[in-house]
Amino acid sequence: MTKRIHWLIERGVIGDDKIEAMAVQLDQEGIGYDIFRTIPFSHDIADPVPQLSGDETVICYGSTSAQGACKARGWLPASWTGPEIDETRVQAALGPRYLNADAFAARLRELTPDMLPDPAFIKPDGDTKLFSGHLTSRADFAAWRERMLNSPEIEPGAGDTMVIVAAPKEFGCEWRFFVVDGQIASACCYRQYGEVMPERWVPEAASDFVRDCIAAYDPLPAYALDITQIADGSYRVLEINTMNNSGFYACEPGRIVAAINRMLARTGDA
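Q: Any details on the side chain of Asn245? Residues and values, ideally.
A: Relative to the assigned elements, Asn245 resides in the loop between strand 13 (235-242) and helix 6 (253-267). For Asn245, a relative accessible area of 18% translates into the label buried. Setting aside its immediate chain neighbours within four residues, Asn245 contacts Tyr61, Gly62, Thr64, Gln67 and Lys129.

Take a look at the structure:
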């Protein structure tokens, strides 16, 4: 028996205009949804909690805390994420298409300043949100690492987090592509001249590059793939992100929602 699709959209994660665009599409398709909030500093959903049977195919667009709360209540799949989008997995699959093809991985507690290029780009290998990718110097790294390992505000076990390290790269504009069921659902430029400047323009060559990447590695039913352009005019993958909490920028939320609903109907998951 086909399951009903039900969307859960967390308020405060994206702008109200994006929520409205998602709601308009869901209303047009006659698909149920709830707009909810999470309890501050908690990993649970605030009252009124959506009333679901547990038999629905539930898609959550919201924070990692919200996604976890949905999964804890048995509302699945809630989100698509996992080791498939770890940086090392993407690096191995895409090779020279990946901007940081030179990166190496290590546990944070085992990483020492002498192991780093100077300066170095460092970020978590997985979709942990432990810290944002950033540049550091050998001189600054040791003190930063100690803060990460010993701060009471950082989750225990941070030292065992796998991180990737690479030499800094120069690159230009950045584009975000939402990929659903192996196809581009929506895309936009989100960063220009080093600033967030969303616009709905995407060179056809960029889209062709992303299709080539999808043919080489299509890790999840839905995800966000970020690319950039380097000095010779070619493109490189920056990273692959969990679709369920990736910002839309100038992408079209309704098209993404529609593509996911079509996929779920096609695969029989809904």
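Having seen the structure, we can now continue with the description.
Q: How would you sum up the sheet that holds strand 1 (residues 5-10)? Please name residues and give values.
A: Strand order in the open sheet made by the 4 strands is 2-1-3-4, with parallel pairing throughout. At either end of the open sheet lies a strand with only one pairing partner, and these are strand 2 (32-36) and strand 4 (77-78). As paired strands, strand 1 and strand 3 (residues 57-61) are joined by 5 bridges and run parallel to one another. Counted as the bridge partner of Ile5 is Thr57 from strand 3. Most of the contacts of helix 6 go to strand 1, to which it runs at about 150°, and overall it touches strand 1 and strand 3.

Q: Please provide a residue-by-residue account of the nonpolar core, values included.
A: If you look at the biggest cluster of nonpolar residues, it comprises 53 residues, and the most contacted ones within it are Trp7, Met22, Trp80, Leu225, Ile227, Val237 and Ile260. With 6 residues, the single largest contributor to this core is helix 6. Those residues in contact with Met22, other than ones at most four positions away along the chain, are Trp7, Ile9, Ile14, Tyr61, Phe248, Pro253 and Val257. In this structure, Ala106, Leu111, Ala120 and Val165 belong to the second largest nonpolar core, which totals 14 residues.

Q: Got a sec to walk through the sheet that holds strand 9 (residues 174-180)? Specific residues and values, please.
A: Two pairing modes exist for strands in a sheet, parallel and antiparallel, and in both the strands are linked by backbone hydrogen bonds. Ordered by their spatial adjacency, 5 strands build an open sheet running 11-10-9-12-13, and the pairing between neighbours is antiparallel. Each edge of the sheet is formed by a strand with only one pairing partner; in this case those strands are strand 11 (195-199) and strand 13. Strand-to-strand twist of the sheet, defined as the mean angle between neighbouring strand axes without regard to direction, takes the value 30°. With 7 bridges connecting them, strand 12 (residues 222-229) and strand 13 associate as antiparallel partners. Its bridge partner being in strand 13, Ile227 is matched across the sheet by Val237.

Q: Which residues make up helix 5 (residues 204-216), and what values go with them?
A: If you check helix 5, its first and last C-alpha atoms are 19 Å apart, about what 13 residues at 1.5 Å a residue would give, namely 18 Å. Looking only at helix 5, the buried set comprises Ala206, Ser207, Phe209, Val210, Cys213 and Ile214. Buried residues of helix 5, seen end-on, are gathered within an arc of 155° and therefore sit on one face of the element. Looking at the buried residues of helix 5, the elements they touch are helix 3 (87-94), strand 9, strand 10 (183-192), strand 12 and strand 13.

Q: Quick rundown of the environment of Leu116? Include the residues and the values.
A: With respect to the element layout, Leu116 can be found in the loop between strand 5 (104-107) and strand 6 (120-124). With 50 residues separating them along the chain, Leu116 and Ala166 place their C-alpha atoms 8.0 Å apart.

Each value, and the rule that gives it
- Residues numbered from 1 in each chain as written.
- Predicted model: local features only at pLDDT ≥ 70, side-chain atom pairs only at ≥ 80, totals over all residues.
- Heavy atoms only, no water.
- Helix = DSSP H or I, 4+ residues; strand = E, 2+ residues; numbered from the N terminus.
- Buried < 20%, exposed > 50% of the residue type's maximum accessible area, 1.4 Å probe, protein only.
- Contact = heavy atoms within 4.5 Å.
- Pairing = 2+ DSSP bridges.
- Axes fitted to C-alpha atoms, helices over the stretch in contact; angles between N-to-C directions.
- Core = buried A, V, L, I, M, F, W, Y, C linked by side-chain atoms within 4.5 Å.
- Expected span 1.5 Å × (residues − 1).
- Arc of directions from axis to C-beta.

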